[in-house]
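Spelled out, the chains give:
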Amino acid sequence: MSSPILISLDAMGGDHGPSVVVPGVRDYRKRHGGAGVRFLLHGDETTIRAEMARCGLTDDVCLVRHTDKVVAMDEKPAQAMRRGKGSSLWNAIEAVKTGEAGAIVSAGNTGALMAISKLLLRMSAPGLERPAIVAGWPTPKGITAVLDVGANVESDAAQLVEFAIMGEAFMTAVHGVAKPTIGILNVGSEDMKGHEEVREAARLLREGGFGLDYFGFVEGTDIAKGTVDVIVTDGFTGNIALKTAEGVAKFIASLMKDALTSSPLAKLGALLAMPALRRMSQKIDPNAINGGPLLGLNGIVVKSHGGATPGGYGAAIRVAVELARSDYLVKVSESFSRLTAVLEQPPAAPAEPAMETVR
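Before going into details, it helps to say that this report is about the structure given with it. Every chain's residues receive numbers from 1 upward, in the order its sequence appears when written. Given that this is a predicted model, residues contribute local features only at a pLDDT of at least 70 and side-chain atom pairs are listed and counted only at 80 or more, while totals for whole chains, interfaces and linings are drawn from all residues. Side-chain measures here rest on the full set of heavy atoms in the structure, leaving out hydrogens and waters.

What follows is about the pairing of strand β2 (residues 37-43). A 1.4 Å probe rolled over the protein chains alone gives each residue an accessible area, and that area as a share of the maximum for its type sets the label: buried under 20%, exposed over 50%, partly exposed in between. Secondary structure elements are taken from DSSP: a helix is a run of H or I of four residues or more, a strand is a run of E of two residues or more, and numbering for both begins at the N terminus. Taken across its 7 residues, β2 has 6 buried, putting it largely inside the fold. DSSP bridges decide pairing: two strands pair if at least two such bridges lie between them. Taken together, the 6 bridges between strand β1 (residues 5-10) and β2 define a ladder with parallel strand orientation. Each residue of the ladder has a partner; that of Ser8, found in β2, is Leu40. Crossovers are described as right-handed under a simple rule: with the strands pointing away from the observer, the path leading from the first strand over the helix to the second runs clockwise. In the classification by handedness, the crossover that spans β1, the intervening helix α1 (residues 18-32) and the parallel β2 is right-handed. Alignment of β2 against strand β3 (residues 62-66), held across 5 bridges, turns out to be parallel.

If you want it as structure tokens, here you go:
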């Protein structure tokens, strides 16, 4: 039996606020049962309680903490840190800091969420500079975790190894993969390909003794194939890859819609194929795999899409619950300690060339 857990929600965050967050709680409970999980909602009490009544949620499930202060979606991170104290976002994160809640979910301002989370929760290991955002990528084999997808524009070799450690722990905690395989995104699969940082990261993963199942370099086409369970890259490349994939998915969906409504015969075919089409749509729908944790913090923080549907927000809640109930933070801390030890080792002296015997 899982221990009871409290999930803190920024009820005012995102494009729609309580009108999505509260139905998202209902969706999570409908899909996953919700046994042993309660919610702490921060924001305007009147609006939140109106949505609770509409969704049939009671105080046994949802606690409400009133605040009339909100961090705007377009507010700069520095401004949010200076003026955000007492806001729904700040208070939701602070509940994790104090230990009251096991995780926090927000669909609000990403930069503000990251900045305030880092300020209040701190990083989980010395030397870590910024969290990494992980995205779930649908593949024929299930889900591949890709990180970073936007938090760190540039990443050195040590940071890429950190992403590998965090990604492995995430896949085990949320998706139940006992021994995830890990690849580094590169311009080719050969060992000599890529810039110095990815080659050095590959060396550290091969020789560092982290206990990770390192596969090697992978290319862009391997992401959707599910070649490995975790793909590591810098945030610049990862963000471009993610948004490119989302754009292609929308383009294909638009083409299919046009094709399936182009004639009476096409509409009849679409009607017959509707169950299969729905399954395919669910597979590529970003809402179905919504919920990108900010990995590396000393606490569980999950970012939902700002425009998520209630079903999408419920998916983000599931990620938060799974992480909060796992040993994710302990496992990552242990692996980071090993990484620190490896990086502190002096570089090996180059081997002296063998002396040739003169005959």
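Next comes the rest of the description.
Turning to the nonpolar core, a few remarks are in order. In this description, a nonpolar core means a group of buried Ala, Val, Leu, Ile, Met, Phe, Trp, Tyr and Cys residues linked to one another through side-chain atoms lying within 4.5 Å. If you look at the biggest cluster of nonpolar residues, it comprises 63 residues, and the most contacted ones within it are Ile7, Leu9, Phe39, Phe170 and Tyr328. Among the elements that line this core, the one with the most residues is helix α6 (residues 157-175), at 12 residues. In this analysis, two residues are considered to be in contact whenever any of their non-hydrogen atoms come within 4.5 Å of each other. With near-sequence residues (within four places) excluded, Phe170 lies in contact with Val134, Ala145, His175, Pro293, Leu295, Val319, Leu323 and Tyr328.

This part is about the side chain of His42. In this fold, His42 is placed in strand β2. Sequence-distant contacts of His42, that is, excluding residues within four places in its chain, are made with Ser8, Leu9, Asp10, Ala11, Met12, Ile48, Arg65, Ser88, Asn91, Ala92 and Ala95.

For the rest of this paragraph, the subject is the side chain of Asp222. Take Asp222: it is sitting in helix α8 (residues 221-225). Two residue types count as positive, namely Lys and Arg, and two as negative, namely Asp and Glu; His and chain ends fall outside the count. Salt bridges, as used here, are contacts in which a Lys or Arg side-chain nitrogen is within 4 Å of a carboxyl oxygen on Asp or Glu. For the buried residue Asp222, which engages in no salt bridge, the nearest side chain bearing the opposite charge is Lys225, 4.4 Å off. Polar contact is the term for a pair of N or O atoms within 3.5 Å; when the atoms are in protein, one must be able to donate a hydrogen and the other to accept it, and sequence-neighboring residues count only if both atoms are side-chain atoms. Within the local environment of Asp222, its side chain forms a polar contact with the backbone nitrogen of Glu219, the two atoms lying 2.8 Å apart. Once residues within four sequence positions are removed from consideration, Asp222 is found in contact with Thr227 and Ile231.

Whether two aromatic rings pair depends on their centres lying within 6.5 Å, for rings of Phe, Tyr and Trp, where Trp uses its six-membered ring; planes under 30 degrees apart make the pair stacked, over 60 edge-to-face, and the rest tilted. Tallied over the entire structure, the rule returns 1 aromatic pair. Between Tyr28 and Phe39, the aromatic rings sit 6.1 Å apart at their centres with planes inclined by 80 degrees, giving edge-to-face as the arrangement. Here Tyr28, found in helix α1, pairs with Phe39, found in strand β2; they are 11 residues apart in sequence, far enough to count as distant. Here Tyr28 and Phe39 have matching classes, each one buried.

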